[in-house]
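# Chain and residue survey
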Amino acid sequence: MQTFKALVVETADPYTAQVRPASMDELPPGDVLVRVAYSSLNYKDGLAITGAGKVVRSFPMVPGIDLAGTVLESASPDYKPGDEVILTGWGLGERHWGGLAELARVRAEWLVPLPQGLTLQQAMGIGTAGFTAMLAVMALEAHAIGKTKEVLVTGAAGGVGSLATALLAHLGYRVVASTGRMAEEGYLKSLGAAEILERAVLAAPPKPLESERFGGAVDTVGGAVLAGVLPRMAYGGSVAACGNAGGVKLETTVFPFILRGVNLLGIDSVMCPKEKRLLAWQRLAHELPRPLLEATMQTASLEEVPELAQAILKGQVRGRVVVRLA
């Protein structure tokens, strides 16, 4: 394959993203060449493709923070041609050409073997979103949130939120799903949410402390919504924070922390160590029910991605977009 199809962000001025043939010579250094079968569209990809955020660090760049595919060539003893692999994070689509192309050349230490029981397409239905959701669940479990109190998921109709809702409900928690799209009530309840909470309730200016309600929370929104979550946490509760679609500033008081012992847990999926990655992917392969995963997924072609990138930034994409490249 002398050329391959790729979505390429060409330059910062003017900022352009287009699907075009790319050559093997354009691929960055790496010790493993992967034929990409599927990628996915995440909020960060939307920022990279549209130029709405300063995600891309060098040009030209292929966006796409996720990929799943088959090894074609390997200079690493860890992988051989024919191996099916997953890659999420590690600066993919930001500093290193990403998954929205038919080929990717990457570093072996970034890869994770495809867990038994998952297809490549299902792996990208999970992608960074599901991986982040599982890391958030693991962080809450590590802080012993228990099941006597409800668990809140904000931005629940999005990719991370959908999969966090499905995972927590399947694990036996009573999930309250918060969304700004109340039309998605049926969808969220199909994933296992017991109750739907309108986002405006959380985004309104809160009191320093509200009534204790939630034993745990996965916040994918940030900003005013996170500020509204903290005062509603029960004593000893924990909030796993993993998103900033609602803003990067957090205006709150210390009272939830010093009067109720609330824990604010930061979740990073980009530089997550290999051991934790492997554990998270194994749990996703065994603990995320396939019907719930399939309910969150839609499949798109590479040519449809630029338009979908606009939609995901506007909060108009439900669940997960899997991009077919094979």
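To start, this report covers the structure provided alongside it. The structure presented is a predicted model; accordingly, all values stated were derived computationally and were not measured.

Let us now look at helix α2 (residues 120-142). Every α-helix winds through 3.6 residues per turn, so residues three or four apart in the chain are directed the same way. At Gly-127, α2 shows its largest kink, close to 65 degrees. With 20 of 23 residues buried, α2 is to be regarded as a mostly interior element.

Our focus in this paragraph is the pairing of strand β11 (residues 214-219). The element β11 is largely enclosed, with a buried count of six among its six residues. Sheet topology note: the strand β8 (residues 150-153)/β11 ladder contains four bridges and is parallel. The residue of β11 that forms the bridge with Val-151 is Gly-216. Across five bridges, β11 lies against strand β12 (residues 233-241) in parallel orientation. Of the residues in β12, the one forming a bridge with Phe-214 is Met-233. Taken together, β11, helix α6 (residues 223-229) and β12 constitute a β-α-β crossover, and its handedness is right-handed.

Let's shift gears to the packing of α2 against helix α8 (residues 274-287). The axes of two packed helices give the description: the angle between them and the distance between them. Two elements in contact, α2 and α8, have axes separated by 9 Å at closest approach and are oriented at 105 degrees. Comparing their axes, α8 and α2 come out roughly perpendicular. Taken together, the residues of α8 that come into contact with α2 (itself represented by Ala-123, Ile-126, Gly-127, Gly-130, Phe-131, Met-134, Leu-135, Met-138 and Glu-141) are Lys-276, Arg-277, Leu-279, Ala-280, Trp-281, Arg-283, Leu-284 and Glu-287. Taken together, the residues that form the contact of α2 with α8 break down as 10 nonpolar, two polar and five charged.

Mapped onto the elements, Thr-50 comes out in helix α1 (residues 43-50). According to the relative accessible area criterion, Thr-50 is partly exposed, its value standing at 22%. Distance in space between the C-alpha atoms of Thr-50 and Gln-310 is 6.9 Å, their sequence separation being 260 residues. When residues no more than four places from it in sequence are discounted, the contact partners of Thr-50 are Tyr-15, Ala-309, Gln-310 and Leu-313. A distance of 2.7 Å separates a polar side-chain atom of Thr-50 from the backbone oxygen of Gly-46. Of note is the side chain of Thr-50, whose polar atom sits 3.2 Å from the backbone nitrogen of Ala-52.

A separate point is the packing of α2 against helix α3 (residues 159-170). Running from N to C, α2 and α3 cross one another at 55 degrees; their axes reach a closest spacing of 8 Å. As the angle between them shows, α2 and α3 are arranged oblique. Note that α2 runs across α3; the crossing there is right-handed. Of the residues in α3, those touching α2 at Gly-125, Ile-126, Ala-129, Gly-130, Thr-132, Ala-133, Met-134 and Val-137 are Gly-159, Val-160, Leu-163, Ala-164, Leu-167 and Leu-168. Residue composition of the contact of α2 with α3, grouped by class: 10 nonpolar, four polar and no charged.

Within the structure shown, the criterion is met by 17 salt bridges. For Glu-109, the salt bridge is made with Arg-107, and the minimal N-O distance between the two is 2.5 Å. Salt bridges sharing partners connect three or more residues here, namely Glu-150, Arg-174, Glu-195 and Arg-213.

This part takes up the nonpolar core. Counting 54 residues, the largest nonpolar core has Leu-168, Trp-281 and Leu-288 as the members making the most contacts within it. Ignoring anything within four residues of it in the chain, the contact list for Leu-168 reads Val-137, Val-151, Val-153, Tyr-173, Val-175 and Val-218. Among the nonpolar cores identified, the runner-up in size contains 46 residues, and Val-32, Leu-33, Leu-41 and Ile-312 belong to it.

The grouping of Val-254, Phe-255, Ile-258 and Leu-259 at the surface amounts to a nonpolar patch, some 390 Å² of accessible area in total. Looking at where Ile-258 falls in the secondary structure, it is placed in helix α7 (residues 255-260).

Across a sheet, strands are paired by hydrogen bonds formed along the backbone, either parallel or antiparallel in direction. Judged by pairing direction, the sheet is parallel, and its six strands sit side by side in the order β10-β9-β8-β11-β12-β13 without closing on themselves. Taken across any chain shown, the strands that pair with only one partner, and hence form the sheet edges, are β10 (195-198) and β13 (263-266). Ignoring which end each strand starts from, the neighbouring axes of this sheet average 20 degrees apart. Direction of pairing for β12 relative to β13: parallel, over a ladder of four bridges. Of the residues in β13, the one forming a bridge with Ser-238 is Asn-263. The sheet strands contacting α2 are β11, β12 and β13, and the helix crosses β12 at an angle near 150 degrees. Sheet contacts for α3: β8, β9 (175-179) and β11; angle to β8, the most-contacted strand, approximately 165 degrees.

About the thresholds
Here the residue numbers are simple positions, counted from 1 along each chain's written sequence. This being a predicted model, a pLDDT of at least 70 is required before a residue's local features are given, and a value of 80 or more before pairs of side-chain atoms are given or counted; all residues contribute to the totals for chains, interfaces and linings. Hydrogen atoms and water are omitted, and side-chain values are computed over all heavy atoms in the structure. At every residue, the bend is computed as the angle between two fitted axes, covering the seven residues ending there and the seven beginning there respectively. Secondary structure counts use DSSP, requiring at least four H or I residues in a row for a helix and at least two E residues in a row for a strand, with both numbered from the N terminus. Burial classes follow relative accessibility: with a 1.4 Å probe on protein chains only, a residue under 20% of its type's maximum area counts as buried, one over 50% as exposed, and anything between as partly exposed. Two strands make a pair as long as DSSP finds a minimum of two bridges between them. A clockwise path from the first strand over the helix to the second, with the strands pointing away from the viewer, defines a right-handed crossover. For every element, the axis is a line fit to its C-alpha atoms; helices are fit only across the contacting stretch, and the angle between N-to-C directions ranges from 0 to 180 degrees. The cut-offs work like this: below 35 degrees is roughly parallel, past 145 is roughly antiparallel, 65 to 115 is roughly perpendicular, and the gaps in between are oblique. The contact definition used throughout considers only heavy atoms, calling two residues in contact when any of these lie within 4.5 Å. Basically, the charged four are Asp, Glu, Lys and Arg, the nonpolar ten are Ala, Val, Leu, Ile, Met, Phe, Trp, Tyr, Cys and Pro, and anything else, Gly included, counts as polar. Any N or O atom pair separated by 3.5 Å or less is treated as a polar contact, with the protein-specific requirement of one donor-capable and one acceptor-capable atom, and with residues adjacent in sequence counted only for side-chain atom pairs. Definitions for this section: a left-handed crossing has its near helix turned counterclockwise from the far helix by less than a right angle. A right-handed crossing has that turn clockwise. Put simply, a salt bridge is a Lys or Arg side-chain nitrogen that is within 4 Å of an Asp or Glu carboxyl oxygen. For our purposes a nonpolar core is just a set of buried Ala, Val, Leu, Ile, Met, Phe, Trp, Tyr and Cys residues, chained together by side-chain atoms within 4.5 Å. Patch membership requires more than 30% relative accessible area and the absence of a salt bridge. Residues of like charge join within 9 Å; the nonpolar side chains Val, Leu, Ile, Met, Phe, Trp and Tyr join within 5 Å. Note that accessible areas follow from Shrake-Rupley with a 1.4 Å probe, and for residues the cover is restricted to the protein chains shown.

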